[in-house]
Amino acid sequence: MNGYGGSILRVNLTKGEVTKEPTPADVARDFIGGRGFGIYFLFKEVPKGADPLGPKNKLIISSGPISGMLVPGGGKCDWTTKAPLTGGYASASMGGHFTAEMRYAGLDSIILEGISPKPVYLFIDDNKIELRDASDLWGKGTFAVEKQFKEKLGEEFQVAVIGPGGENLVPYACINHDYGRQAGRGGVGAVMGSKKVKAIVVHGAKSIPVADKDAYRKAGMALYKACKDAEGFKDWTRYGTTIVVSWCDEVGALPTRNFSAGSFEGGKNIYGPVMREKIVITDKACFGCPSPCGKYSRNKKYNSFVEGPEYETIGMMGSNLGIDDIEAVAQANLLCDELGVDSISTGNVIGWAMECYEKGIFTKADTDGLDLKFGNVEATFALIEKIARREGFGALLAEGVKRAAQKVGKGSEKFAIHVKGMEQSAYATHNATAMLLAYMTCDVGAHHNRAWAITYDLQVGRDKVVPEKVARVIWLQNFRPMFDVLGGCRLQWVELGIDRDLYVPALEAITGIHRTWEDLDKVGERIWNLTRLYWARENEGFGRAWDMPSPRFYEEAPTSGATKGQITKLEDVNKLLDMYYEQRGWTSDGLPKPETIEALGLKAVIG
Amino acid sequence: MPATLRLGASLRILIGGRDEYAVEPGRSVHETLVSLGIKPELVAMVSVNGEMQTKDYVVQEGDAVRLLAVVGGG
Ligand code: SF4
């Protein structure tokens, strides 16, 4: 099959067996790859009600047809599972070089099933595939393990590894790769930990069949040229996602002290240019990327090296915790990566704990003696460690912000900033209605990468609640995650603004199938609806209530910054949902209607 | 000599219109944007002759000003 490695690798950890099967052509046709494969296999193969950390859950790692190809940013793979953080759908995208090697080993997906009786790692050297003992690696940090594999096996092996966070089943544990890239959100690392898989190492030696080599080269070169010619190419490459920090601060979108405001008085100290000057030593890219957003930093203050921090971590570990020191943020980033916990969720939950402390809900008697004032760097470092190891007070925070707030009560649920149990990422949404809706309806919980619409909010009018905004969010939700289906990076389209139509001939040359963006958007819509049906299948009573944002965004206006005094009214929150459900073809409780399911060709899939 | 002001693709797509303007020096980037009918808050990054500047930067003769919007947010 052109454009595919051709095989799905099943790893039965309970029995210690690995088997290959051909990649099903009909699934490739209807779901293409990446997160399309992920939700398809999750829905079909993981039984209803499976415990996310039990043997019946699966961890599905999928590449897409542009992964490992000469298409800008073709270094992404998708990690799908039933989320321990939310009890719903999780799909985390990981950059780096893992997916390319996986494809060269002929693998379109790797499906981890069951639970190993002892710690193992999955070794893939092209056709040689084995489960090997990892008892001596268990307990180690991610960097040490990656380094050990690289030294032992060679640089050509790519490593995806969990840290203590994943081993200790922290529901927002991540998977680390390439010394600083992550499959970050939803707890994919905890699922890998529950299966007792410390790492996957992969190297491949095959080529991927393409339908038309000349057309492929031509289309690929056109894409690279468009990136290089883009007006923002130089600036974007220089600053990466940190370019956004100052602007978010300016427009009131920079999460500050547990999202109580959107502008930070210490913001200037964590802006992109400050970071570039103080700590960045070089740029770092994923496979085949012409516009490296990764920034590699030498942190003299803490005598350490780290990839990052990027925008999300600066927001969550910086302003959201009241920390205005970029070196401290970089160190917190390093600790999260080394210990294998998602820096977004970790920053969010620590922000909540700091607010509890400020309000007197926690005292030092609760926090193992830590003075949890906003801005306390040392306490932040200590908490990251405690969370990953589930030690003392860290064990509570390791539950995730929703469950921790439910346990603690005392009104703390009101400022637990999440949707569906996933901690909100680094955009404050007090008065940005399209972005708020994007978070409310995101298919994994409060994550920004499916639809991001703050600039659109500013253009249309930030408090406007109009059908065009809803349509924009839906279009973005269908279209942007298609990059996670194709196995590529969206940032070349998103930030460099290259014409998305340039991907069409590349995809056709690789797969031999002509698909316009209209066709691809339809696939995106099919996948979006299937993820929704998955949530509904797994959670009794699932519906509108699950889409509600934190009350902070409709009850408490910030008292400072660019959004001072601004808020989204609760009636507007509901209006947004009404319009969204209607435009999606869903019921007023947010469930896909039978005719929508039928029109998207999902009837046969859901059975 | 006027300065040139170029809009990155993301900004151009957002607001439509031209991708390059000749502008008179002596006014801040913020004022220049307002005079062109571009909402200043849509601009996330101002680069002048390759260096990042704020919107308070006063445009000088011959400056090459590049403006970028953020449409993706990572
Ligand atoms: S833009 Fe960043 S995330 Fe995307 S491929 Fe390049 S380095 Fe990776």
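Reading guide: rules and limits
Throughout this description, residue numbers start from 1 for each chain and increase along the sequence as written. The order in which chains are written sets their letters, starting at A; the order in which ligands are written sets their numbers, starting at 1. Only residues with pLDDT of at least 70 are given local features in this predicted model, and only at 80 or more are side-chain atom pairs given and counted; all residues enter the totals for whole chains, interfaces and linings. As a rule here, side-chain values cover all heavy atoms of the structure and leave hydrogens and water aside. Note on contacts: a residue pair qualifies if any of its non-hydrogen atoms lie within 4.5 Å across the two residues. Buried area is a sum: the accessible area each of two parts loses on coming together, probed at 1.4 Å, counted once for each and added. Any Lys or Arg side-chain nitrogen found within 4 Å of a carboxyl oxygen on Asp or Glu counts as a salt bridge. Here a polar contact is recorded for every N or O atom pair within 3.5 Å, except that within protein the pair must consist of a potential hydrogen donor and a potential acceptor, and residues adjacent in sequence are included only if both atoms are side-chain atoms. Only runs of H or I of at least four residues qualify as helices and only runs of E of at least two qualify as strands under DSSP, and these elements are numbered from the N terminus. Residues are grouped as follows: Ala, Val, Leu, Ile, Met, Phe, Trp, Tyr, Cys and Pro are nonpolar; Asp, Glu, Lys and Arg are charged; all remaining types, including Gly, are polar. Either an automatic procedure or a domain database provided the assignment from which the domain bounds are taken. The method works on a 1 Å grid over the protein atoms by themselves. A cavity is a set of points holding a 1.4 Å probe that cannot get out, a pocket is an open set with protein on both sides within 12 Å along at least five of seven lines, and residues with an atom within 4 Å of a point line them. Grid points are joined across faces, edges and corners, and a volume is the space filled by probe spheres set on the points. The criterion for strand pairing is that DSSP finds at least two bridges linking the strands in question. Between N-to-C directions, angles span 0 to 180 degrees; the directions come from axes that are lines fitted to C-alpha atoms, helices contributing only their stretch in contact.

## Some points on the interface of chain B and chain A
So, step 1. Contacts between chain B and chain A engage 25 residues on the former and 30 residues on the latter.
So, step 2. Buried surface at the junction of chain B and chain A, summed over both partners, amounts to about 2300 Å²; 54% is from carbon and sulfur atoms.
So, step 3. Between Arg6(B) and Glu231(A) there is a salt bridge whose closest N-O contact spans 2.6 Å.
So, step 4. Where chain B packs against chain A, one counts nine residue pairs in polar contact (both at pLDDT 80 or more).
So, step 5. Contributions of two or more residues to the side of chain B that touches chain A are made by strand E1 (3-7), helix H1 (9-15), strand E3 (45-48) and strand E5 (64-68) of chain B.
So, step 6. For the side of chain B that touches chain A, the leading source of residues is H1(B), giving five residues.
So, step 7. Of the residues contributing to the side of chain B that touches chain A, the split by class is 14 nonpolar, six polar and five charged.

## Thoughts on the domain arrangement of chain A
Residues and elements named next belong to chain A.
So, step 1. Segmenting chain A into domains produces domain 1 (7-203), domain 2 (233-420) and domain 3 (433-497 + 516-606).
So, step 2. The interface of domain 2 with domain 3 comprises 29 residues on the first partner and 34 residues on the second.
So, step 3. In this assembly, domain 2 packs against domain 3 so that about 2200 Å² is buried in total across both faces, 62% of it on carbon and sulfur atoms.
So, step 4. For the interface between domain 2 and domain 3, the tally reads three salt bridges.
So, step 5. Among the ionic pairs, Glu555 bridges to Lys414, the shortest N-O distance being 3.0 Å.
So, step 6. Here domain 2 and domain 3 share ten residue pairs in polar contact (both at pLDDT 80 or more) between them.
So, step 7. Ranked by the residues each element gives to the side of domain 2 that touches domain 3, the list is headed by helix H9 (residues 244-251), at four residues.

## Quick look at the layout of surface pockets
Think of a ball as big as a water molecule: rolled over the atoms, this probe shows where empty space is left.
So, step 1. The calculated volume of the largest pocket comes to roughly 500 Å³.
So, step 2. Along the walls of the largest pocket sit 16 residues, with Ser246(A), Tyr271(A), Gln53(B), Thr54(B) and Lys55(B) positioned nearest its centre.
So, step 3. Those elements giving two or more residues to the lining of the largest pocket turn out to be H9 of chain A together with E3 and strand E4 (51-53) of chain B.
So, step 4. Broken down by element, the residue count for the lining of the largest pocket peaks at four residues, all from H9(A).
So, step 5. Residue classes in the lining of the largest pocket are distributed as seven nonpolar, four polar and five charged.

## Topic: the sheet that holds strand E12 (residues 197-203) of chain A
Residues and elements named next belong to chain A.
So, step 1. Within the open sheet, the six strands sit side by side as E8-E7-E12-E9-E10-E11. Their pairing is mixed. The sheet is open, and its two borders are formed by strand E8 (128-133) and strand E11 (181-183), each paired with just one other strand. Averaged over all pairs of adjacent strands, the angle between strand axes in this sheet comes to 20°, irrespective of strand direction.
So, step 2. Across six bridges, the pairing between strand E7 (residues 120-125) and E8 is antiparallel. Directly across from Ile124, in E8, lies its bridge partner Ile129.
So, step 3. Strands in contact with helix H4 (residues 142-153) are E7, strand E9 (158-161), strand E10 (175-177) and E12; relative to E9, the strand with the most contacts, it is inclined by about 155°.

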